[in-house]
Amino acid sequence: MNFILDTIKGAVIGIANVIPGVSGGTMAVSMGIYNRLISSISHLFRDFKKSAATLIPILIGCAIGIVGFSYAIEYLLANQPLPTCLAFLGLILGGVPVLVKDMMGGVKKSHSGRLTAINVLAFVLLFAFAIILPLLQGNDDTLTVLSASPGTMVLLFFMGIIAAATMVVPGVSGSMILMILGYYYGVINSITTFMDGLKAGNLSVIFAQCKLLVPFGIGAVLGIFLISKIIEYLFEKHTVSTYAAILGLILSSPFGIFYNTNALAHFTIPGFLIGILLFLLGGFATWYMGKKHA
């Protein structure tokens, strides 16, 4: 029974990882398995049998959630980009009040008792980082279909490491970062194309997509191990600056999402009204979940 329940929880985390703005780490916290998950990752080699027993059902569920929802998210972004993006923004911005509260709690516990220039700099640098990168990528959808060149494979390896942060840091969405960087569509397209090739038994398609997904997957696995240690250190030693950097990413994310989806070009009154409703519902859901488990 525990195996089935952990698989279901893993599927929810997997779905969260596909949706830009939703943090898999936050979902893990909300379902009460975050500490157990991080502990199992950190002690995998020290206590392999126990850690593997915890991780296997969660990882199976994650894979099911990611693959299953990739089709849905691809359809929604292609056919209803404005309501979908507004829903994403609600999910993103709804978590800001709780993150600010946590950051200010860290400020009160710090030696100075106030925000410092380093804290502000961390916010500004990450805010600027998330604004500039979409501009460098362009908005012509050239990355919707990725080519399996050596350069792209190396980049996908690092994209995997970056995306893995969502498994470690509650409040940060790896999919959101991929969308800001301009690789979200390409990764989703590769997943769905791989599954289509698998169902059709098309070995050439399977092999071509493996050349993209394998380096991304290796990066994600390595990233989970490496970043978990780094994040643990940053939250322990530089709590306020870490929260400030996270807030910089989150508050700048609307620009990256709308720029990369070109959602405003598909503006309609019904779509906008539906989007606003989804924005409010998504914002409330994220706020309530964060407040409840803060």
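> Mind laying out the overall build of the protein chain, listing which residues take part and the relevant values?
When you go through the protein chain residue by residue, the secondary structure sums to 13 helices and 0 strands. The buried share of the protein chain, taken over its 294 residues, is 47%. In the protein chain, the proportion of contacts linking residues at least 24 apart, taken out of those at least 6 apart, comes to 81%. Working note: accessible area of the protein chain is about 14700 Å², and carbon and sulfur atoms make up 73% of it.

> Account for the packing of aromatic side chains, naming residues and giving values.
Scanning the entire structure with this criterion turns up 6 aromatic pairs. The interplanar angle of 25° and the centroid separation of 5.9 Å between the aromatic rings of Phe123 and Phe127 together place this pair among those described as stacked. With a gap of 4 residues between them, Phe123 and Phe127 both fall in helix α7 (residues 117-137), about one helical turn apart. Judged by its relative accessible area of 26%, Phe123 falls in the partly exposed class. By relative accessible area, which is 30% here, Phe127 ends up partly exposed. Geometrically, the ring pair formed by Phe284 and Trp287 is tilted, given 5.8 Å between the ring centres and 40° between the ring planes. Placement of both Phe284 and Trp287 in helix α13 (residues 269-292) is noted, with a separation of 3 residues, approximately one turn of the helix. Assessed through its relative accessible area of 31%, Trp287 is described here as partly exposed.

> Residues and numbers for the pattern of salt bridges, please.
Under the criterion given, the structure shown has 2 salt bridges. With its nearest N and O atoms 3.2 Å apart, the salt bridge here joins Asp6 to Arg36. In this pair, Asp6 sits in helix α1 (residues 2-18) while Arg36 sits in helix α3 (residues 34-42), placing the two residues 30 residues apart along the sequence. Under the relative-accessibility criterion, Asp6 is labelled buried at 9%.

> Lay out helix α8 (residues 150-163) with the relevant residues and their values.
Compared with the 20 Å implied by 1.5 Å per residue over 14 residues, the 20 Å span of α8 between its first and last C-alpha is a close match. Within α8, the full set of buried residues consists of Thr152, Leu156, Met159, Gly160, Ile161 and Ala163.

> Explain a nonpolar patch on the surface to me, using residue names and the numbers behind them.
Among the surface-exposed residues, Phe3, Ile4, Leu5, Ile8, Ile56, Ile60 and Ile64 lie close enough to one another that they form a single nonpolar patch of about 650 Å² accessible area. Assignment of secondary structure puts Leu5 in helix α1. A relative accessible area of 40% means that Leu5 is categorised as partly exposed.

> Can you explain the confidence of the model for the protein chain? Please cite residues and give values.
The share of residues in the protein chain with pLDDT of 70 or more is 89%, and the mean pLDDT across the chain is 82. Helix α10 (residues 184-200) holds the highest mean pLDDT among the elements of the protein chain, 88, whereas helix α2 (residues 24-30) holds the lowest, 72.

> Give me the packing of helix α5 (residues 81-93) against helix α12 (residues 239-261): which residues, what numbers.
Look at α5 against α12: their axes get within 10 Å of each other, and the N-to-C directions meet at 165°. Overall, the two elements α5 and α12 adopt an arrangement that is roughly antiparallel. Read as a crossing pair, α5 and α12 show a hand that is right-handed. Judged by residue contacts, Leu82, Cys85, Leu86, Phe88, Leu89, Ile92 and Leu93 of α5 engage Ile250, Leu251, Ser253, Pro254, Ile257, Phe258 and Thr261 from α12. When grouped by side-chain class, the residues that make up the contact of α5 with α12 number 12 nonpolar, 2 polar and no charged.

Conventions we followed
- Residues numbered from 1 in each chain as written.
- Predicted model: local features only at pLDDT ≥ 70, side-chain atom pairs only at ≥ 80, totals over all residues.
- Heavy atoms only, no water.
- Helix = DSSP H or I, 4+ residues; strand = E, 2+ residues; numbered from the N terminus.
- Buried < 20%, exposed > 50% of the residue type's maximum accessible area, 1.4 Å probe, protein only.
- Contact = heavy atoms within 4.5 Å.
- Areas by Shrake-Rupley, 256 points an atom, 1.4 Å probe, with all protein chains shown as cover.
- Phe/Tyr/Trp six-rings, centres within 6.5 Å; stacked < 30°, edge-to-face > 60°.
- Salt bridge = Lys/Arg side-chain N within 4 Å of Asp/Glu carboxyl O.
- Expected span 1.5 Å × (residues − 1).
- Patch = residues over 30% accessible without salt bridge, like charges linked within 9 Å, V, L, I, M, F, W, Y side chains within 5 Å.
- pLDDT = per-residue confidence, 0-100.
- Axes fitted to C-alpha atoms, helices over the stretch in contact; angles between N-to-C directions.
- Parallel < 35°, antiparallel > 145°, perpendicular 65-115°, else oblique.
- Left-handed = near helix turned anticlockwise from the far one by under 90°.
- Nonpolar A, V, L, I, M, F, W, Y, C, P; charged D, E, K, R; others polar.

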